[in-house]
Amino acid sequence: MPKALYEGIYREIRSRIVDGTYGFQEMLPTEAELTEEFGCTRNTVRRAISMLADEMFVQSIHGKGVRVIWLKGEGGMTGDLEEIESFGEYAKRNNAVASTEVKLFEHLVCTEQLSRRLGFKTGEPLIRLVRVRSLNGNARQVDHDYLLESVVHGLTPEIAGRSIYGYLEGKLGVKVAASRRTVSVELANDEDYSYLDLGKYNCVAVMESQSYTSDGILFEVTHARTHPEIFHYRVNSRR
């Protein structure tokens, strides 16, 4: 089954759910109607519906059809802890304009201390980055990144100011496959106050991420410090 076909149907139905074309608790068109609309087989539609069900957008009801169970949250942007997306992709999905300012870009060699803290091997060449990420012109996140230079070779401050993942996947052909994340809340430090307009807040949300290529290589460790006003994430749970 061509992957692009069922993924395209998945994206189209997902878009219709998000924009309200298929509302909360409504039934999707029947399988027969969808196969006719998209000019595909029933198995292709079922694969797309299965992807939507895995992400808790829909639920198949035996003998009745497929019901929309996704409910749009109120207030603020929303991320997804189950998906790996770039800051630009997150902004686009939330109808915001993203921009990035690179504050630090340096080459270094992984020390024993860094190896214990980050997981890279001692002696491996790394790139260290500090980037301020903005949404609609407002600084909302500070990223501290360590990247394995052998994977992101050719990376420049200019590329880092656009999209590192776009460069990896589009230019280098590197597949970003998995990420392990830890989320916490910390009191804001001096750097947070200098980069982010925290206003009434005295804390930031912190997400530590270790990201891997499709070959299982740890290539990125990120410490992201985010303004509380935009730190809204969802995760799907099942009993």
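In case you missed it, the structure is sitting above this.
Below is a summary of the structure that appears in this document. (Residues numbered from 1 in each chain as written. Predicted model: local features only at pLDDT ≥ 70, side-chain atom pairs only at ≥ 80, totals over all residues. Heavy atoms only, no water.)

### Quick word on the pairing of strand β9 (residues 218–226)
- With respect to burial, β9 is a largely interior element, 9 of its 9 residues being buried.
- When strand β6 (residues 138–148) meets β9, the two strands line up antiparallel, connected through 7 bridges. Residue pairing for β9: Gln141 is matched across the bridge by Thr226.
- Between strand β8 (residues 203–213) and β9, which pair antiparallel in sequence order, lie 4 residues; one of them, Gly216, sits at a positive phi of approximately 80°. (Buried < 20%, exposed > 50% of the residue type's maximum accessible area, 1.4 Å probe, protein only. Helix = DSSP H or I, 4+ residues; strand = E, 2+ residues; numbered from the N terminus. Pairing = 2+ DSSP bridges.)

### Section: the pairing of strand β5 (residues 125–135)
- By the criterion of burial, β5 is predominantly enclosed, with 9 of the 11 residues buried.
- Examined bridge by bridge, β5 and β6 share 10 bridges and lie antiparallel to one another. Paired with Leu126 across the strands is Leu148, a residue of β6.
- Between β5 and β6, which follow one another and run antiparallel, lie 2 residues, and Asn136 among them has a positive phi close to 50°.

### Notes on the pattern of salt bridges
- Under the defined criterion, the tally for this structure stands at 14 salt bridges.
- Between Arg131 and Asp143 there is a salt bridge whose closest N-O contact spans 3.9 Å. Separated by 12 residues along the polypeptide, Arg131 in strand β5 and Asp143 in strand β6 bring together distant segments of the chain. Each member of the pair Arg131 and Asp143 is classed as buried.
- With a closest N to O distance of 3.7 Å, Glu229 and Arg140 form a salt bridge. A residue pair is termed long-range when its members are at least 10 positions apart, and Glu229 in the loop between β9 and β10 (233–234) and Arg140 in strand β6 qualify at 89 residues.
- With relative accessibility at 39%, the residue Glu229 sits in the partly exposed group.
- Here the residues in one salt-bridge network are Arg131, Arg133, Asp143 and Asp145, joined through shared partners. (Salt bridge = Lys/Arg side-chain N within 4 Å of Asp/Glu carboxyl O.)

### A few points about helix α3 (residues 42–54)
- Taking 1.5 Å per residue, 13 residues should reach 18 Å; α3 reaches 18 Å between its end C-alpha atoms and fits that length.
- For α3, the set of buried residues is Thr44, Val45, Ala48, Ile49, Met51 and Leu52. Each buried residue of α3 lies within a common arc of 155° when the element is viewed along its axis, so the set occupies one face.
- Count one or two residues on from α3 and you reach Met56, which has phi positive near 65°. (Expected span 1.5 Å × (residues − 1). Arc of directions from axis to C-beta.)

### Focus: the nonpolar core
- Core analysis: the biggest nonpolar cluster contains 24 residues, and Phe120, Leu147, Val152, Leu155, Ile164, Leu168 and Phe219 have the highest contact counts within it.
- Of all the elements in the fold, those that place two or more residues in this core are α5 (112–118), β5, β6, α6 (157–160), α7 (164–172) and β9.
- Ranked by residue count, the leading element in this core is α7, at 4 residues.
- In this structure, Cys40, Ala48, Phe57 and Val58 belong to the second largest nonpolar core, which totals 19 residues. (Core = buried A, V, L, I, M, F, W, Y, C linked by side-chain atoms within 4.5 Å.)

### Let's talk about the packing of aromatic side chains
- Under the counting rule described, the total for this entry stands at 4 aromatic pairs.
- Ring geometry for Phe87 and Tyr90: centres 6.1 Å apart, planes at 45°, overall tilted. Here the residue Phe87 and the residue Tyr90 both occupy positions in helix α4 (residues 87–93), the gap between them amounting to 3 residues, near one helical turn. The exposure classification of Phe87 matches that of Tyr90, with both residues buried.
- Summarising the aromatic geometry, the rings of Phe231 and Tyr233 are spaced 4.9 Å apart at their centres and angled 55° between planes, so their arrangement reads as tilted. (Phe/Tyr/Trp six-rings, centres within 6.5 Å; stacked < 30°, edge-to-face > 60°.)

### Topic: the packing of helix α2 (residues 31–38) against α3
- Closest axis-to-axis distance for the α2/α3 pair is 9 Å, and the angle between their directions is 105°. One way to sum up the angle between α2 and α3 is to call them roughly perpendicular. When α2 is examined against α3, the residues Glu31, Ala32, Leu34 and Thr35 are found in contact with a partner set consisting of Arg42, Val45, Arg46 and Ile49.
- Here the contact of α2 with α3 is built from residues that sort into 4 nonpolar, 1 polar and 3 charged. (Axes fitted to C-alpha atoms, helices over the stretch in contact; angles between N-to-C directions. Parallel < 35°, antiparallel > 145°, perpendicular 65-115°, else oblique. Contact = heavy atoms within 4.5 Å. Nonpolar A, V, L, I, M, F, W, Y, C, P; charged D, E, K, R; others polar.)

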